Amino acid sequence: MARYLDEPAFRHDYTPRTAVLLINLGTPDAPTAAALRPYLKEFLSDTRVVEIPRAVWWFILNGIILNTRPRKSAAKYATVWMPEGGPLLVHTRHQATALAEALQARGLSDLVVDFAMRYGNPSVESVMQKLRGQGVERILLFPMYPQYAGSSSATALDAAFRTLMKMRNMPEVRTVRHFHDSPAYIAALAENVRSHWARHGRPDKLVMSFHGVPRFTLDKGDPYHCECHKTGRLLAEALELPRDAYEVCFQSRFGRAEWLQPYTTDVLTQLGQAGTRRIDVICPGFVADCLETLEEIAEEGKETFHAAGGGEYHYIPCLNSSPAWISGLAEMVVSQLQGWLPQTRENPALRCERAQKLGAKQ
Ligand SMILES: C=CC1=C(C)c2cc3[nH]c(cc4nc(cc5[nH]c(cc1n2)c(C)c5CCC(=O)O)C(CCC(=O)O)=C4C)c(C)c3C=C
Ligand SMILES: [Fe+2]
Ligand SMILES: [Fe+2]
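Summarised in this report is the structure supplied together with it. Here the structure is a predicted model, which is why all the values come from computation and not from measurement.

### With respect to helix 2 (residues 54–80)
Taking 1.5 Å as the rise per residue, helix 2 with 27 residues should run 39 Å; its terminal C-alpha atoms sit only 33 Å apart, a clear shortfall. By the largest-angle criterion, Ile 65 marks the main kink of helix 2, which is about 55°. Those residues of helix 2 that fall on the buried side of the exposure criterion are Pro 70, Tyr 77 and Val 80. Those residues of helix 2 that are buried are in contact with helix 1 (33–44), helix 3 (87–105) and helix 10 (291–307).

What follows is the structure, encoded as structure tokens:
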């Protein structure tokens, strides 16, 4: 295997470009067991995601999980699949297009905006290679996770760094670590909730459900738990909610180990048992709707709450391509790109000897 990826020969005659690369988690290519298997294998083989000793995990993953989970997960994906593909992919694609338009409207039409997925397609490597082919020499790597976690943001950046190791002419990169307390993100979330309330009235309780991670990661230094709580507090402040009007909880537990608590299912059950007349559930940690929000929260969550005796259940969709979010995202991008814009074309009179011999083309 070649040490480096194919890259275009160096040229003098183009203006080096800057790109924003949105990176999200990834989704299977189809809602089928056959498509789920390689996706789950790639995802669950990531040592940032599952920290069980490799030899033990290899047997559990290949012997049990990959023989049972693909079929079960495929059935869940089938309930949320959209005509253009998996919701996470569809929303991320829309977000990239809308962000490019918002940046154009700010006079940044030369910026390239693209997206990639940490697992599955389009892979981080393939998109970064495409960007190099487009003359991109500076990349803002933007994991689409508001709260930093080793198992989400860091592994997305690992994939980009691994790609850089395969590049002869390595571009400059900047990374976004998190944006859990960014005023633009909080304002977009608050706007999303307010517009839901303007149409449907207010609940007794706002449930903020974040993706969970194993509990031990908090003790070992992962700031994810605290960042989720800070987002929750800032969102509540923006909505002027007292502490007893909202709950922060954690969903999507995987395996038998303890994950961050309280678990969303327990909170929904308790609120139902308490006879709560109406709850609204929002998933602030996901900027795009996906299996975990549409199936686990909007569908299963509702069943859990109703089965426990609860009343009305409203799921508030993710930010997706809401105008407030896209404009907030553009604001964050512009602030991250300070000092990188604009880039200028090299003076032709100063081209190197090789380029002068090659003539006007170079
Ligand atoms: C095995 C442990 C898992 C950890 C740790 C984990 C962290 C984590 N995940 C997200 C965001 C998403 N996860 C999604 C799906 C999903 N997550 C896990 C497991 C862990 N996640 C699995 C096995 C799956 C696949 C679906 C299934 O079989 O249940 C998704 C949705 C993807 C989609 O296609 O729609 C997202 C998004 C974060 C942010 C995070 C750590 C903070
Ligand atoms: Fe997950
Ligand atoms: Fe904390």
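### Notes on the pairing of strand 3 (residues 136–143)
On a regular strand, one side chain projects to one face of the sheet and the next to the other, so that they alternate. Of all eight residues in strand 3, seven are buried, a share of seventy percent or more. Pairing analysis gives seven bridges linking strand 1 (residues 17–24) to strand 3, with the strands arranged parallel. Residue pairing in the sheet places Leu 21 in a bridge with Leu 141 of strand 3.

### Quick word on the sheet that holds strand 5 (residues 205–211)
Strand order across the open sheet formed by four strands is 6-5-7-8, with parallel pairing between neighbours. Only two strands of the sheet have a single neighbouring strand rather than two, namely strand 6 (246–251) and strand 8 (312–316). Strand-to-strand twist of the sheet, defined as the mean angle between neighbouring strand axes without regard to direction, takes the value 25°. Examined bridge by bridge, strand 5 and strand 7 (residues 278–282) share four bridges and lie parallel to one another. When the sheet's bridge partners are listed, Leu 206 is paired in strand 7 with Asp 280. Where helix 8 (residues 224–238) meets the sheet, it contacts strand 5 and strand 6, and its direction lies at approximately 150° from that of strand 6. Here helix 9 (residues 264–273) sits on the sheet and contacts strand 5, strand 6 and strand 7; the angle it forms with strand 6, its principal contact strand, is near 140°.

About the criteria used
Residues numbered from 1 in each chain as written. Chains lettered and ligands numbered in written order. Predicted model: local features only at pLDDT ≥ 70, side-chain atom pairs only at ≥ 80, totals over all residues. Helix = DSSP H or I, 4+ residues; strand = E, 2+ residues; numbered from the N terminus. Expected span 1.5 Å × (residues − 1). Bend = angle between axes of the 7 residues up to and from the residue. Buried ≥ 20, exposed ≤ 12 C-beta atoms within 10 Å, placed from the backbone. Contact = placed C-beta atoms within 7 Å. Pairing = 2+ DSSP bridges. Axes fitted to C-alpha atoms, helices over the stretch in contact; angles between N-to-C directions.

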